[in-house]
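# Secondary and tertiary structure notes
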Amino acid sequence: MRIGIVCYPTYGGSGVVATELGISLAKRGHQVHFITYAQPMRLDKFQDNIFFHEVEMPNYPLFEFQLYSLALAGKIIDVVKYENLDILHVHYAIPHAISGYLAKQTLQGVSNVKLVTTLHGTDITLIGLEPSFLPLVKFSIEQSDGVTAVSRFLAEKTKTGFNTNKEIHVINNFIDTEIYNRDECPTIRRQIAPNGEKILMHISNFRPVKRVHDTVLILNEVLKSTPAILVLVGDGPDRTDVERLSRELGIADKVRFLGKQNALPDILSAADVFLLPSQSESFGLSALEAMSCGTPVVATSMGGIPEVVVHGENGFIAELGDISRMAKYTIDLLTNPKKWQIFSASARKRAIEHFETSLIVPQYEDLYRKVLSE
Ligand code: GMT
């Protein structure tokens, strides 16, 4: 098949999933065309069957605000027409599904391209519900030839939040468990925790929904009984405040801010516990990445997290903002090596048995075939 993939190219989970999907589809013999405003972050090696089309922004004095949605629709029209695409797969509804719909309508009579939309999270749970966006998101979902959501939670949330009966296929996030495999490097561990402290870790884009502050509050509780270091990977709007909180609590020397990093499997392999105290999380790709590296997760019960982390088996789940419970669970794992081993093995097993790339990507191929046959 000839497949166009529209996504955000940066560090967000939807961009990671879209890029890994494209890479995997290309390996399976499909021709894949990425359409976005910058080279997707994980597209860092040459691979046959993969093409990148950069959306260029018009520079005209009348346009005080950037017209990305229109520029994207224009680029999609070009790529669909001249690369003869069968499928246009857009990731994250805003504005990609709307631009995709506009392009498809414009090409009526010229192309039979099918539009597949994957809903990822805040496009449905947060920004998509804003009154100015809701009707557009609902319309673009209903006009798509196929719609997927990354968890059962998100599929249900879409149906209720947007009052739609549109069929939504649940296709979970996936992981390459060979790349995300625990390979503990004593040097990395020593560099992070020179005095043999336990290592807590969190990876995100530091947006308010991630509640990164809570990871520092959890560390503060843990430190009352167990020597530990908190490693924070990523960057975003809440970073400065989180740095300030760790200074105010007098534990700044126990928190390492690594910023954005690419070597996630190496870093995750050094972690003893992964913390995900999110306020909203449609799936929790970072939790899956940790689990694949054999790192147990302590998380909130929000959204799709319980579909990934099994409480009492490969991690622990607590109520939103329940710092003392999350700290208690973390201490339990840090101080009980036998339990940690069982949880670590179970986390890895769950990643392999339920979320391995080779199990999930064929589900997208099946959906493409289905919409092409309709
Ligand atoms: O919040 C992020 O990490 C980015 C966001 C996105 O859409 O780019 O991630 C969402 O999509 C990921 C991939 O499907 C999911 O694993 C995340 O749970 C989801 N984030 C939220 O729902 C907050």
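The rules behind the values
Residues numbered from 1 in each chain as written. Predicted model: local features only at pLDDT ≥ 70, side-chain atom pairs only at ≥ 80, totals over all residues. Heavy atoms only, no water. Helix = DSSP H or I, 4+ residues; strand = E, 2+ residues; numbered from the N terminus. Rg over C-alpha atoms; globule rule 2.2 N^0.38 Å. Contact = heavy atoms within 4.5 Å. Areas by Shrake-Rupley, 256 points an atom, 1.4 Å probe, with all protein chains shown as cover. Lys, Arg positive; Asp, Glu negative; His and termini not counted. Charge placed at Lys NZ, Arg CZ, Asp CG, Glu CD. Polar contact = N/O pair within 3.5 Å; in protein donor to acceptor, adjacent residues only side chain to side chain. Near = heavy atom within 4 Å. Nonpolar A, V, L, I, M, F, W, Y, C, P; charged D, E, K, R; others polar. Axes fitted to C-alpha atoms, helices over the stretch in contact; angles between N-to-C directions. Parallel < 35°, antiparallel > 145°, perpendicular 65-115°, else oblique. Phe/Tyr/Trp six-rings, centres within 6.5 Å; stacked < 30°, edge-to-face > 60°. Buried < 20%, exposed > 50% of the residue type's maximum accessible area, 1.4 Å probe, protein only. Salt bridge = Lys/Arg side-chain N within 4 Å of Asp/Glu carboxyl O. Pairing = 2+ DSSP bridges. Right-handed = clockwise from strand over helix to strand, strands pointing away.

A few words now on the overall build of the protein chain. A tally of regular secondary structure across the protein chain gives 15 helices and 13 strands. Here the C-alpha radius of gyration of the protein chain, 21 Å, is about what a compact globule of 374 residues would show, namely 21 Å. Taken along its principal axes, the extent of the C-alpha atoms in the protein chain is 70 × 45 × 40 Å. For the protein chain, the share of sequence-separated contacts (at least 6 apart) that also reach a separation of at least 24 residues comes to 70%. When the accessible surface of the protein chain is totalled, it reaches about 16200 Å², and 51% of it is carbon and sulfur. Of note, the protein chain has its 37 positive side-chain charges centred 3 Å away from the centre of its 42 negative side-chain charges.

This part covers the side chain of Asn172. Along the chain, Asn172 turns up in the loop between strand E7 (169-170) and helix H7 (186-192). Separated by 3.0 Å, the side chain of Asn172 and the backbone oxygen of Val150 make a polar contact. The residues contacting Asn172, other than those within four sequence positions of it, are Val150, Ser151, Phe283, Phe355 and Ile360.

Turning our eyes to something else, we now look at the site of the ligand. The ligand sits among 19 residues. The nearest are His120, Asn173, Arg207, Glu281 and Ser282. Within the side chain of Arg207, one N or O atom sits 2.2 Å away from an oxygen atom of the ligand. In the environment of the ligand, an oxygen atom lies 2.9 Å from a nitrogen or oxygen atom belonging to the backbone of Ser282. If the ligand stood free it would expose 490 Å²; the protein chains cover 94% of that surface. By residue number, the principal contributor to the shell around the ligand is helix H1 (residues 13-27), which donates three residues. Considered class by class, the residues forming the shell around the ligand number five nonpolar, 11 polar and three charged.

As a further point, take the packing of H1 against helix H15 (residues 357-373). Direction vectors running N to C along H1 and H15 enclose 80°, while the axes themselves pass 10 Å from each other. It follows that H1 is roughly perpendicular to H15 by the angle criterion. For the pair H1 and H15, contact is made by Leu21, Ser24 and Leu25 and by Thr357, Val361, Tyr364, Glu365 and Tyr368, respectively. In the contact of H1 with H15, the residues fall into five nonpolar, two polar and one charged.

On to the packing of aromatic side chains. Here a ring pair, both rings aromatic, is described through the centre-centre distance and the interplanar angle of the planes. Considering all chains together, one arrives at seven aromatic pairs under this definition. Consider the rings of Tyr8 and Tyr92, whose centres lie 5.6 Å apart with planes at 75°: the pair is edge-to-face. One end of the pair, Tyr8, is in the loop between strand E1 (2-6) and H1; the other, Tyr92, is in the loop between strand E4 (87-91) and helix H3 (93-106), with 84 residues separating them in the sequence. Assessed through its relative accessible area of 25%, Tyr8 is described here as partly exposed. Ring centres of Phe316 and Phe343 lie 5.1 Å apart, and the angle between their planes is 40°; on these two criteria the pair is classed as tilted. Remark: Phe343 occurs in helix H14 (residues 337-355) and Phe316 occurs in strand E13 (residues 315-318); sequence separation between them is 27 residues. Accessibility assignment for this pair places Phe316 and Phe343 in one class, buried. Taken together, the ring pairs in this structure connect Phe316, Tyr329 and Phe343 into an aromatic cluster.

This part is about the pattern of salt bridges. Close approach of charged atoms lets side chains of opposite charge pair. Using the criterion set out here, one finds 22 salt bridges in the structure. With a closest N to O distance of 4.0 Å, Glu83 and Arg2 form a salt bridge. On the criterion of sequence distance, the pair formed by Glu83 in the loop between helix H2 (68-82) and E4 and Arg2 in strand E1 is long-range, its members being 81 residues apart. Overall, the relative accessible area of 24% leaves Glu83 in the partly exposed class. Salt-bridge contacts for Arg152 lead to Glu307; the nearest nitrogen and oxygen are separated by 4.0 Å. Placement of Arg152 in helix H6 (residues 152-161) and of Glu307 in helix H12 (residues 305-308) is noted, with a sequence separation of 155 residues between them. By relative accessible area, Arg152 is classed as exposed at 55%. For Glu307, a relative accessible area of 15% puts it in the buried group. Because the salt bridges share partners, they merge into one network encompassing Arg182, Glu184, Arg189 and Asp272.

On to the pairing of strand E5 (residues 114-119), then. Across the six residues that make up E5, a large majority, six, are buried. Alternating positions in E5 separate into two faces, Lys114, Val116 and Thr118 on one and Leu115, Thr117 and Leu119 on the other, with burial throughout. Relative to E5, E4 runs parallel, the two being bridged by five bridges. The residue of E5 that forms the bridge with Leu88 is Leu115. Following the chain from E4 across H3 to the adjacent parallel E5, one finds a crossover that is right-handed. Bridging between E5 and strand E6 (residues 146-149) involves four bridges; their strand directions are parallel. Each residue of the ladder has a partner; that of Leu119, found in E6, is Ala149.

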